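A structural walkthrough
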Amino acid sequence: MVPAEPPPERRSGAGGPAPLQAAHSRAGEPARLIEGARRLGCVLTGDSADRLLRLLDELTRWGRAYNLTSIHDREELITHHLLDSLSVHPYLRGERIADVGTGAGFPGLPLAIAAPQRAFTLIDASQKKLRFVSHAARLLGLDNVKTLHGRVERLHLSPPCDTVVARAFAPLGELLERIQGLCGVGGRVVAMKGRLHAAELAEVTGPWQVIESPALQIPGLGEARHLVVLERRER
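As the structure is a prediction and not an experimental result, all values here were calculated from the model. (Residues numbered from 1 in each chain as written. Predicted model: local features only at pLDDT ≥ 70, side-chain atom pairs only at ≥ 80, totals over all residues. Heavy atoms only, no water.)

1. Remarks on the packing of helix α2 (residues 29-39) against helix α3 (residues 46-66)
Remark: α2 packs on α3, axes separated minimally by 9 Å, with the N-to-C direction vectors making an angle of 110°. Our classification of the angle between α2 and α3 gives roughly perpendicular. Mapping the contact onto sequence places E29, P30, L33 and I34 in α2 and G46, A49, D50, L52 and L53 in α3. Counted by class, the contact of α2 with α3 contains six nonpolar, one polar and two charged residues. (Axes fitted to C-alpha atoms, helices over the stretch in contact; angles between N-to-C directions. Helix = DSSP H or I, 4+ residues; strand = E, 2+ residues; numbered from the N terminus. Parallel < 35°, antiparallel > 145°, perpendicular 65-115°, else oblique. Contact = heavy atoms within 4.5 Å. Nonpolar A, V, L, I, M, F, W, Y, C, P; charged D, E, K, R; others polar.)

This is the structure:
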């Protein structure tokens, strides 16, 4: 399905920012993004940085009509969506990556831009959000991205994914129960969390083992971020 175009963006009036000022304020964005990603262990090319920033432009344009994000400040979009997404890049394993509950495509789209050699399946129960994801992937030339509509617990992928990424999707116990059809023996799950409590780690049972649970420092984001990296040892 070809997604409907969002309403055209309104031009700023007399009270809005001058175009030259806006252009000047964005001139340093690629360099800041590349440096922020480097601090997270993710190497970006200039082309990758440009694509990531074009993704934000499109998210902003569509977001007004489709309510895709509650964040509208440009700097917060970079920290909360781009850099936060790229923070999991060093923890990916294998070639087949699934992003469950992708929403508007985060972290899956930024990761697909940063890792073009990997194949990404972005999963969500909202057709509206997946229309944007498909549109953005086409616009940015991301041949390594496909979307899948449905409830995660009802899906089965063959072959299974090497890594499943979930960003604030569900408590660990519920997450692991729901993604069983996506991840086989030896598969990895990377759960993105804000604050992490010992009680949630205690929910991990059965075939799953916690490999590590690092605290992350996202450049420019003054909020707690943790990852929980798990591996499936048996069925």
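2. Description of the pairing of strand β5 (residues 183-193)
Regular strands have side chains that alternate between both faces of the sheet. The buried count for β5 comes to nine of eleven residues, which makes it a mostly enclosed element. The sheet contact formed by strand β4 (residues 161-167) and β5 spans six bridges and is parallel. For V164, the partnering residue across the bridge sits in β5 and is V189. The handedness of the β4 to β5 crossover, carried by helix α7 (residues 172-178), is right-handed. Bridging between β5 and strand β8 (residues 225-232) involves six bridges; their strand directions are antiparallel. Pairing of A191 across the sheet is with V228, part of β8. (Buried < 20%, exposed > 50% of the residue type's maximum accessible area, 1.4 Å probe, protein only. Pairing = 2+ DSSP bridges. Right-handed = clockwise from strand over helix to strand, strands pointing away.)

3. Some thoughts on the pattern of salt bridges
Here the structure, examined in full by the defined rule, presents 16 salt bridges. One salt bridge connects R38 with E35, and the closest N-O pair in it is separated by 2.7 Å. One end of the pair, R38, and the other, E35, are both in helix α2, three residues apart, so they sit about a helical turn from each other. The residue D162 makes a salt bridge to R96 at a minimum N-O spacing of 3.5 Å. A residue pair is termed long-range when its members are at least 10 positions apart, and D162 in strand β4 and R96 in strand β1 (residues 96-100) qualify at 66 residues. Take D162: its relative accessible area is 22%, and that puts it in the partly exposed class. (Salt bridge = Lys/Arg side-chain N within 4 Å of Asp/Glu carboxyl O.)

4. Re the side chain of D99
In this fold, D99 is placed in strand β1. Among buried Asp, Glu, Lys and Arg side chains, D99 stands out as unpaired, with R167 the closest opposite charge at 7.9 Å. Looking at D99, its side chain comes within polar contact range of the side chain of T102, at 2.7 Å. With near-sequence residues (within four places) excluded, D99 lies in contact with G105, F106, P107, G108, T121, L122, I123 and V165. (Lys, Arg positive; Asp, Glu negative; His and termini not counted. Polar contact = N/O pair within 3.5 Å; in protein donor to acceptor, adjacent residues only side chain to side chain.)

5. As for the nonpolar core
Core analysis: the largest hydrophobic core is formed by 49 residues, its most contacted members being L33, L109 and F120. Going through the elements one at a time, α2, α3, α4 (74-86), α5 (108-114), β2 (119-124), α6 (127-139), β5 and β8 are the ones with two or more residues in this core. The biggest single contributor to this core is α3, with eight residues. In this view, L109 contacts L55, A104, L122, V133, A136, A137, L142 and V145; residues no more than four positions away in its chain are not counted. Ranked by size, the runner-up nonpolar core spans 23 residues in total, among them L155, V164, A166 and L182. (Core = buried A, V, L, I, M, F, W, Y, C linked by side-chain atoms within 4.5 Å.)

6. Some details on the side chain of R225
Tracing the chain through its elements places R225 in strand β8. At 3.1 Å, the side chain of R225 forms a polar contact with the side chain of D84. Apart from the residues within four sequence positions on either side, R225 is in contact with H80, D84, K193, G194, P214, A215, L216 and I218.

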